[in-house]
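Listed below are the residues making up each chain.
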Amino acid sequence: MSQVFDAIVIGAGAMGSAAAYYLSERLQRVLLLEQFELDHRLGSSYGYSRIIRYAYDHPEYVELAKDTFPLWYSLQEKLGEQLVVQTGGIDFGPAGEASLEATIAAMQASGLPHELLRPDEAARRFPQFRLVDRFKALYQPDSGFVKASKAVLGHIKLAQANGAVVKDATPVTAIELQSDGVEVSTADGSYSAGSLIVTAGGWAKSLLEQTGLDLPLAPLRCQLNFMAPTNMSPFEAENCPVWIAHVGSLFPEAIYGIPSHDGSGFKIAFHGGPAFSHPSEIDREPDAENVAALRPFMRDHIPGIADAPVRESRICIYTQTPDEHFVVDKHPEHAHVAIGAGFSGHGFKFSTTVGKMLTEIALDRATAHNDSLFKIARFTG
Ligand SMILES: Cc1cc2nc3c(=O)[nH]c(=O)nc-3n(C[C@H](O)[C@H](O)[C@H](O)COP(=O)(O)OP(=O)(O)OC[C@H]3O[C@@H](n4cnc5c(N)ncnc54)[C@H](O)[C@@H]3O)c2cc1C
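Residues numbered from 1 in each chain as written. Predicted model: local features only at pLDDT ≥ 70, side-chain atom pairs only at ≥ 80, totals over all residues. Heavy atoms only, no water.

Please explain the sheet that holds strand β15 (residues 255-258) as it appears in this structure.
In a beta sheet, neighbouring strands pair by backbone hydrogen bonds and run either parallel or antiparallel. The strand order β6-β7-β5-β14-β15-β16-β13-β17 describes an open sheet built from eight strands, whose pairing is mixed. On the outer flanks of this sheet lie β6 (115-117) and β17 (310-320), each paired with one strand and no other. Averaged over all neighbouring strand pairs, the angle between strand axes comes to 20°, with direction disregarded. Pairing between strand β14 (residues 242-245) and β15: three bridges, direction antiparallel. Looking at the pairing, Ile244 lines up with Tyr256 of β15. Across the sheet, helix α3 (residues 98-110) lies against β5 (89-94), β6 and β7 (135-140), angled at about 35° from β7, the strand it touches most. (Pairing = 2+ DSSP bridges. Helix = DSSP H or I, 4+ residues; strand = E, 2+ residues; numbered from the N terminus. Axes fitted to C-alpha atoms, helices over the stretch in contact; angles between N-to-C directions. Contact = heavy atoms within 4.5 Å.)

Right, here's the structure in full:
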């Protein structure tokens, strides 16, 4: 006999942990199923930090960020733990770089505080960074980072406090969608519920194919590196902003980073990596070539870390959609099934809002937040 819940969530990463929390806040009997141990390193949500910002190249994300910051602050209040660290943030790159110009335009239209800085002004304010003459910079004071693993485990802790059942090391092997409910099978039994939320990260494509839905989702192998310069002080969170270098016209990808905190080291990484058809194909061993490819950028723009040793490198997964917008929507044939997927390397900051959106979609068939960019129909027509 399958155990009965009101709602089942598949995947306890950033999105699933948040969905389980908001479902439990709506007094649902919730089951959260995770195939690996909680906070494992094989998906997308593990680790010290993820950038949070208003500064986006798309007004819809600026608006979504306005919904998101207050939710994180009320969550950390409930947890009694700091999740969001405000450091300020700079976006910089060559004048005319499309993503930078779009970010500046969106900030100018947002009504939010921001400053445009010439290279000399940026150098005075942020001497860690060197901007060449034809570069420009945007400063936004509210940017910072979310403590990633802490946020995931925090959502789970509050969901459990509301009675949610969390089963890790329990892979879902089959999903059966019925007209008014769902049944999911695992190695240690099957479970049924009135609604389902699928937040399976890089595994979503293969899992959803079982339900007749084929989404264009590609897992990318992404490497992040933590640098350990001898003089770390200028690169500590209290002295250094989060940053995004819009240098896609000069390097294989944009490059971004987060200052050191809690002994992490100074984070630097390319925004992206090679695509695979399934996470199981991804080599988890970081490579030295990745850091070597970043050294010229460091030499030109962050000289204080250019020759620093690497404290640690890690591999993490982006789940990419063709337009790099998320999927936050109901299943085209089953309105009681909500799907959160394809966060394309920029979803963590919104995860608490996405969890709330998926809960509203699963229970109310619609969300109060703007989901116009996140519809499945853009792929399925
Ligand atoms: C290197 C890197 C840097 C990033 N930087 C930022 C940043 O600065 N700012 C930002 O906003 N975002 C950033 N992101 C993106 C962000 O981390 C992701 O968008 C987010 O973590 C995605 O969460 P998720 O819950 O969809 O995926 P995941 O965390 O991968 O969760 C999916 C879960 O589903 C489980 N699962 C899958 N199949 C099954 C099954 N059959 N049964 C049970 N469980 C299953 C998996 O094991 C996994 O735990 C970054 C991502 C990476 C990789």
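We are not done yet, so read on.
I'm lost on helix α8 (residues 351-364) in this one. Help?
Given 3.6 residues to a turn, an α-helix orients residues that are three or four positions apart in the same direction. Here α8 contains 14 residues, and its C-alpha end-to-end distance of 19 Å stays within 8% of the 20 Å for a straight helix at 1.5 Å per residue. The buried fraction of α8 is high, at 11 of 14 residues. Against the buried residues of α8 lie α1 (14-25), α2 (59-79), α5 (148-161), β12 (189-198), β18 (327-331) and β19 (334-341). Phi for Arg365, located one or two positions after α8, is positive at around 65°. (Expected span 1.5 Å × (residues − 1). Buried < 20%, exposed > 50% of the residue type's maximum accessible area, 1.4 Å probe, protein only.)

Just checking my understanding: could you explain the domain arrangement of the chain for this structure?
It is common to give the size of an interface as the accessible area that goes away when the parts come together. Taken as a whole, the chain is organised into domain 1 (3-46 + 149-215 + 323-380) and domain 2 (87-142 + 218-320). Spacing between the C-alpha centres of domain 1 and domain 2 amounts to 30 Å. Each partner contributes residues to the interface: domain 1 has 14 residues there, and domain 2 has 13 residues. When domain 1 packs against domain 2, the two sides together hide about 1,200 Å² of surface, and 48% of this comes from carbon and sulfur. Inspection of the domain 1/domain 2 interface yields one salt bridge. For the interface between domain 1 and domain 2, the tally reads six residue pairs in polar contact (both at pLDDT 80 or more). Residue composition of the side of domain 1 that touches domain 2, by class: four nonpolar, eight polar and two charged. (Domains from an automatic or database assignment. Buried area = accessible area lost by both parts, 1.4 Å probe. Salt bridge = Lys/Arg side-chain N within 4 Å of Asp/Glu carboxyl O. Polar contact = N/O pair within 3.5 Å; in protein donor to acceptor, adjacent residues only side chain to side chain. Nonpolar A, V, L, I, M, F, W, Y, C, P; charged D, E, K, R; others polar.)

Before we go on, may I ask you to explain unusual backbone geometry in this structure?
The phi angle of most residues is negative, glycine excepted, and most peptide bonds adopt the trans form. A positive phi angle, close to 65°, is found at Asp39, a residue other than glycine. Following the sequence through the fold, Asp39 ends up in the loop between β2 (30-33) and β3 (50-52). Look at Asp262: it is not a glycine, yet its phi comes out positive at around 50°. Mapped onto the fold, Asp262 is located in the loop between β15 and β16 (266-270). Note on Asp262: relative accessible area 54%, which makes it exposed.

Help me understand the side chain of Glu34, please; the structure alone is not making it clear to me.
When you line up the elements, Glu34 lands in the loop between β2 and β3. As a buried residue without a salt bridge, Glu34 has its nearest oppositely charged side chain in Arg284, at a separation of 11 Å. In this structure the side chain of Glu34 is engaged in a polar contact, spanning 3.4 Å, whose partner is the side chain of His40. The contact partners of Glu34, leaving out residues within four places of it in the chain, are Gly11, Ala12, Gly13, His40, Lys167, Asp168, Ala169, Thr170 and Pro171. (Lys, Arg positive; Asp, Glu negative; His and termini not counted.)

Please explain the site of the ligand as it appears in this structure.
Around the ligand lies a shell of 34 residues, among which Glu34, His40, Ser45, Ile51 and Cys316 are the nearest. Taking Glu34, its side chain carries an N or O atom lying 2.6 Å from an oxygen atom of the ligand. In the environment of the ligand, an oxygen atom lies 3.1 Å from a nitrogen or oxygen atom belonging to the backbone of Phe348. For the ligand, whose free accessible area comes to 1,000 Å², the fraction covered by protein is 96%. Put simply, the parts of the chain that give the shell around the ligand at least two residues each are α1, β3 and β17. The element best represented in the shell around the ligand is β17, accounting for three residues. When grouped by side-chain class, the residues that make up the shell around the ligand number 18 nonpolar, 13 polar and three charged. When residues are assigned to domains, the shell around the ligand turns out to be shared by domain 1 (3-46 + 149-215 + 323-380) and domain 2 (87-142 + 218-320), each giving three or more. (Near = heavy atom within 4 Å. Areas by Shrake-Rupley, 256 points an atom, 1.4 Å probe, with all protein chains shown as cover.)

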